[in-house]
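Now for the letters of each chain:
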Amino acid sequence: MCGIVAYVGPKDAAPILLEGLQRLEYRGYDSAGLAVVNSRSLKTRKVKGRVADLAAAVPAKFKGGIGIGHTRWATHGAPSDVNAHPHLDQEQRIAVVHNGIIENADELRRRLEGDGVKFESETDSEVLSHLIGRMVKETDSLREAVLRALKSVVGTYGIAVVDAQRPGEIVVARNGSPIVLGLGEKEMFAASDVAALIRYTRQVVHLEDGELAVIKADGFNTFTSDARETAKEPFTVDWDAGHYDNGGYEHYLLKEISEQPDTVARTLRGRIDDRFHIAHLGGLNMDARETRSFRRVKIIGCGSAYYSGQIGAQLIEELARIPADAEPASEFRYRSPVVEPDTLYVAISQSGETYDTLAAVQELKRKGGRVLGIVNTVGSAIARETDGGIYLHAGPEVSVASTKAFTSTAVAFALLALHLGRVRDLSPADGRRICDGLRRLPEQIKEILTLEDQIRELAKKYADAPGMMFVGRVRGYPVAREGAQKLKEISYVHAEAYPASELKHGPLALISPELPTVAVVPDDELLDKNLTTLGEIRARHGRILMVGHRTSEAADDCIVVPRNEVELDPILLTIPLQLFAYHAAVALGRDVDRPRNLAKSVTVE
Ligand code: F6R
């Protein structure tokens, strides 16, 4: 959601904070601010708008070698200069930046106001600066003040705090919102995401929930919430600053769509075994006996991750013949799910930090469930919490809408399904068929990307529609859902996805020339049924854009993609829908990489 950056060292903090905030802007971008300590006083700048607006508001001589910065995605209080972080205490001694939600903020605010504290903003976060401001007078240590203040707080937070009277240290703490420390040469960084640190260091330490750290130019110490020191091993991030550049593309989204031949190849690398036609997935940490013991697979994730989980469930049922289904993690965690010992749970998350998915994993672990993670971000919270899993190796996804991580997740599920299938009844011949099919994917994605000009024209043609229907059947249905999701989130065109078979049970009433349909029609055993559905839509004068393996007179327009194995086709059918959504959004003049009201990595409930 929001982004946090903190710096302590010999350089001026402001340019480093601004640079870091720019890298985090994809997480939250309605207002931004920073504070630096200079001569034992705080200097702050806060603006509604983008990081570029903040940079313009920061004077060239904004001296101070310690500081904190924030880019915001509003939850409490509208985006405005005063609601932007950092928030200060009344004496203007303490500055705090906060990600997350303080659930008892109203109660704390009333109590503080009753004691005469005057609030500047409407945010929940401001209670933190006042609480810490009070505590710091009662104790000699900023760490102690933060620990005490956090004891009265209910909710989630990632915070960074500076004290103008202690210009050598920053205190950061995590509970539900990520905080990562970056280790430099005689300088230290902290941030909510490695993206902000990567230009300066690749040596990082992740804080756990309930942990706090004191960072100084020459090092750091970490503590539990009852002030016991913890030992942390730094690890080296394998992404570098280049991964975060737009590579000359107009938008990150187009860059990430175009990278998919490579990112899929990376997800597959070293994982296909041609001798036994199996998948090598060392990170699962399960032997063959355990792998055979599961009688069900339950997949959880949010948004597009959940839709990729639906593709995964279909692959697992087909290839391994184990009952499998996917459910939004946000629903799963609240319905007190029955957790079975012979069910394999799989949590999916690109960021590895989505709060609802993390909370669902924690609930599963508490009930003794066996949970694997399919995660892109190495060392992220979900990767750490799960018993094992598959890293996507897709590189960082910067654009808010997920594309390459979606595709790589579906590929990871194909590998998992192959693995589960080959310790059961999937024959060597079928194993070989799937291995060969997987290997063809990168080249076939390249072929689909060459259709971009055609798809751009189609997107322009359909972008004026007030809404679009997406339909698909069985393997095509999650593809339709993801196609509708991409279109609505980046172009703001209303888009609904339905199983093709459900149209006649209600949504057919919507069909008219004003509501075109995108139909996902693979050449599988359901082709005739799908063509019948197209006929039904046509009979109601609905326009149809068909995405499949052939042209058809039943449709007004067709996008034809190469055929793979029927089980793997959904992976390829999604790619043209990504390009379609992208070009529709461009045609409508949308802010493609930073769509309104959304943020990458939803670290609040
Ligand atoms: C849609 C999108 C979101 C994410 C969802 C989960 O394009 O990006 O729906 O898929 O917020 O995010 P992760 O995968 O980081 O858990």
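Note that the coordinates shown come from a computational prediction; the quantities given were computed from them, not determined experimentally.

## Regarding the overall build of the protein chain
Argument step 1. Counting secondary structure elements, the protein chain contains 18 helices and 27 strands.
Argument step 2. Rg of the C-alpha trace for the protein chain: 25 Å, near the compact-globule value of 25 Å for 605 residues, within the 12% margin.
Argument step 3. C-alpha extents for the protein chain along the principal axes are approximately 75 × 55 × 45 Å.
Argument step 4. In the protein chain, which comprises 605 residues, the proportion classed as buried is 63%.
Argument step 5. For the protein chain, contacts bridging at least 24 residues in sequence account for 71% of all contacts bridging at least 6.
Argument step 6. Accessible area of the protein chain: about 22,400 Å², with a carbon and sulfur share of 47%.
Argument step 7. In the protein chain, which carries 75 positive and 84 negative side-chain charges, the distance between the mean positions of the two groups comes to 1 Å.

## With respect to helix H7 (residues 260-268)
Argument step 1. Gln-260, Pro-261, Thr-263, Val-264, Thr-267 and Leu-268 are the residues of H7 that are buried.
Argument step 2. At its buried positions, H7 is contacted by helix H6 (252-258), strand S16 (272-273), helix H13 (404-422), helix H14 (428-449) and helix H18 (569-587).
Argument step 3. Downstream of H7 by a residue or two, Gly-270 has a phi angle that is positive, lying close to 70°.

## Quick notes on the UniProt feature "domain: SIS" (unreviewed entry) in the protein chain
Argument step 1. UniProt's entry tags residues 286-426 and 458-595 with the feature "domain: SIS" (unreviewed entry), counted in the numbering of this structure.
Argument step 2. Each end of residues 286-426 is marked by a C-alpha atom, and these two atoms are 19 Å apart; helix forms 45% of the span and strand 20%.
Argument step 3. The distance from the first to the last C-alpha atom of residues 458-595 is 22 Å, and the span holds 38% helix and 19% strand.

## Things to note about the sheet that holds strand S14 (residues 229-230)
Argument step 1. Across the sheet, which stays open at both edges, the seven strands sit in the order S5-S6-S7-S8-S12-S13-S14 with antiparallel pairing between neighbours. Bordering the open sheet on either side are strand S5 (87-88) and S14, each of which pairs with just one other strand.
Argument step 2. Alignment of strand S7 (residues 157-163) against strand S8 (residues 169-175), held across six bridges, turns out to be antiparallel. Across the sheet, the residue bridging to Gly-158 is Arg-174, located in S8.
Argument step 3. Sheet contacts for helix H4 (residues 126-138): S5, strand S6 (94-99) and S7; angle to S6, the most-contacted strand, approximately 140°.
Argument step 4. Where helix H5 (residues 142-151) meets the sheet, its contacts fall on S6, S7, S8, strand S12 (212-216) and strand S13 (219-223), and the angle it forms with S7 comes to roughly 140°.

## Describing the sheet that holds strand S9 (residues 180-183)
Argument step 1. As summarised here, the arrangement of the eight strands in space is S3-S2-S4-S1-S10-S9-S11-S15, forming an open sheet in which the pairing is antiparallel. Every other strand in the sheet has two partners, leaving strand S3 (41-48) and strand S15 (235-236) as the edge strands with one partner each.
Argument step 2. Bridge count for strand S1 (residues 3-8) against strand S10 (residues 188-191) is four bridges, and the pairing is antiparallel. Bridge pairing in S10 places Tyr-7 opposite Phe-189.
Argument step 3. Running over the sheet, helix H1 (residues 13-24) touches S1, strand S2 (31-38), strand S4 (66-72) and S10 and is turned about 155° from S1.

## Things to note about the nonpolar core
Argument step 1. Ranked by internal contacts, the top residues of the largest apolar core, which has 89 residues, are Ile-316, Leu-416, Leu-438 and Phe-580.
Argument step 2. Here this core takes twelve residues from H13, the largest share from any one element.
Argument step 3. Contacts of Leu-416, omitting those with residues within four sequence positions, involve Leu-281, Leu-284, Ile-316, Val-346, Leu-372 and Ile-390.
Argument step 4. The next biggest cluster of nonpolar side chains, apart from the first, holds 30 residues, and it includes Leu-34, Val-47, Val-51 and Tyr-244.

## Details of unusual backbone geometry
Argument step 1. Going from His-85 to Pro-86, the amide bond is cis rather than trans, its omega being 0°.
Argument step 2. Residue placement: Pro-86 occurs in the loop between S4 and S5.
Argument step 3. Backbone geometry at Lys-186 places phi at a positive 55°, although glycine is not the residue there.
Argument step 4. Along the polypeptide, Lys-186 turns up in the loop between S9 and S10.
Argument step 5. Taking relative accessible area as the criterion, Lys-186 reaches 65% and is therefore assigned exposed.

## Some points on the site of the ligand
Argument step 1. In the vicinity of the ligand, 14 residues are found, and the nearest of them are Ser-349, Gln-350, Ser-351, Thr-354 and Glu-489.
Argument step 2. The contact in question runs from an oxygen atom of the ligand to an N or O atom on the side chain of Ser-349, over 2.6 Å.
Argument step 3. Thr-354 places a side-chain nitrogen or oxygen 2.4 Å from an oxygen atom of the ligand.
Argument step 4. If the ligand stood free it would expose 400 Å²; the protein chains cover 88% of that surface.
Argument step 5. For the shell around the ligand, the secondary structure elements donating two or more residues are helix H9 (304-320) and helix H16 (476-491).
Argument step 6. Top contributing element to the shell around the ligand by residue count: H16, with three residues.
Argument step 7. Class assignment of the residues belonging to the shell around the ligand gives a composition of four nonpolar, eight polar and two charged.

## A few points about the pairing of strand S11 (residues 203-206)
Argument step 1. With three bridges joining them, S9 and S11 adopt antiparallel strand pairing. Pairing of Val-180 across the sheet is with His-206, part of S11.
Argument step 2. As paired strands, S11 and S15 are joined by two bridges and run antiparallel to one another. Bridging from a neighbouring strand, Val-204 pairs with Phe-235 of S15.

## Considering the side chain of Ser-399
Argument step 1. In this fold, Ser-399 is placed in the loop between strand S22 (388-391) and H13.
Argument step 2. A polar atom in the side chain of Ser-399 sits 2.7 Å from the side chain of Asp-593.

## Focus on the pattern of salt bridges
Argument step 1. The tally for this structure, following the rule as stated, stands at 55 salt bridges.
Argument step 2. A salt bridge links Asp-524 to Arg-475; its shortest N-O distance comes to 2.9 Å. Of this pair, Asp-524 sits in the loop between strand S25 (517-521) and helix H17 (527-539) while Arg-475 sits in the loop between strand S23 (467-472) and H16, placing them 49 residues apart in sequence. Comparing Asp-524 with Arg-475, the two get one shared label, buried.
Argument step 3. Here the residues in one salt-bridge network are Arg-296, Lys-298, Asp-325, Glu-327, Arg-335 and Glu-340, joined through shared partners.

## What about the state of the cysteines?
Argument step 1. Under the defined criterion, the tally for this structure stands at zero disulfides.
Argument step 2. Left without a disulfide partner, Cys-302 is nearest to the cysteine sulfur of Cys-2, which lies 17 Å away.

## So, the packing of H4 against H5
Argument step 1. Where H4 contacts H5, the axes come no closer than 8 Å and their chain directions differ by 130°. Of the possible angle classes, the one that applies to H4 and H5 is oblique. Read as a crossing pair, H4 and H5 show a hand that is right-handed. Together, Leu-128, Leu-131, Ile-132, Met-135, Val-136 and Glu-138 of H4 and Leu-142, Ala-145, Val-146, Arg-148, Ala-149 and Leu-150 of H5 make up the contact between the two elements.
Argument step 2. Across the contact of H4 with H5, the residue classes tally to ten nonpolar, no polar and two charged.

Calculation notes
- Residues numbered from 1 in each chain as written.
- Predicted model: local features only at pLDDT ≥ 70, side-chain atom pairs only at ≥ 80, totals over all residues.
- Heavy atoms only, no water.
- Helix = DSSP H or I, 4+ residues; strand = E, 2+ residues; numbered from the N terminus.
- Rg over C-alpha atoms; globule rule 2.2 N^0.38 Å.
- Buried < 20%, exposed > 50% of the residue type's maximum accessible area, 1.4 Å probe, protein only.
- Contact = heavy atoms within 4.5 Å.
- Areas by Shrake-Rupley, 256 points an atom, 1.4 Å probe, with all protein chains shown as cover.
- Lys, Arg positive; Asp, Glu negative; His and termini not counted.
- Charge placed at Lys NZ, Arg CZ, Asp CG, Glu CD.
- UniProt positions renumbered as here; feature names shortened; annotations may be inferred.
- Pairing = 2+ DSSP bridges.
- Axes fitted to C-alpha atoms, helices over the stretch in contact; angles between N-to-C directions.
- Core = buried A, V, L, I, M, F, W, Y, C linked by side-chain atoms within 4.5 Å.
- Near = heavy atom within 4 Å.
- Polar contact = N/O pair within 3.5 Å; in protein donor to acceptor, adjacent residues only side chain to side chain.
- Nonpolar A, V, L, I, M, F, W, Y, C, P; charged D, E, K, R; others polar.
- Salt bridge = Lys/Arg side-chain N within 4 Å of Asp/Glu carboxyl O.
- Disulfide = S-S within 2.5 Å.
- Parallel < 35°, antiparallel > 145°, perpendicular 65-115°, else oblique.
- Left-handed = near helix turned anticlockwise from the far one by under 90°.

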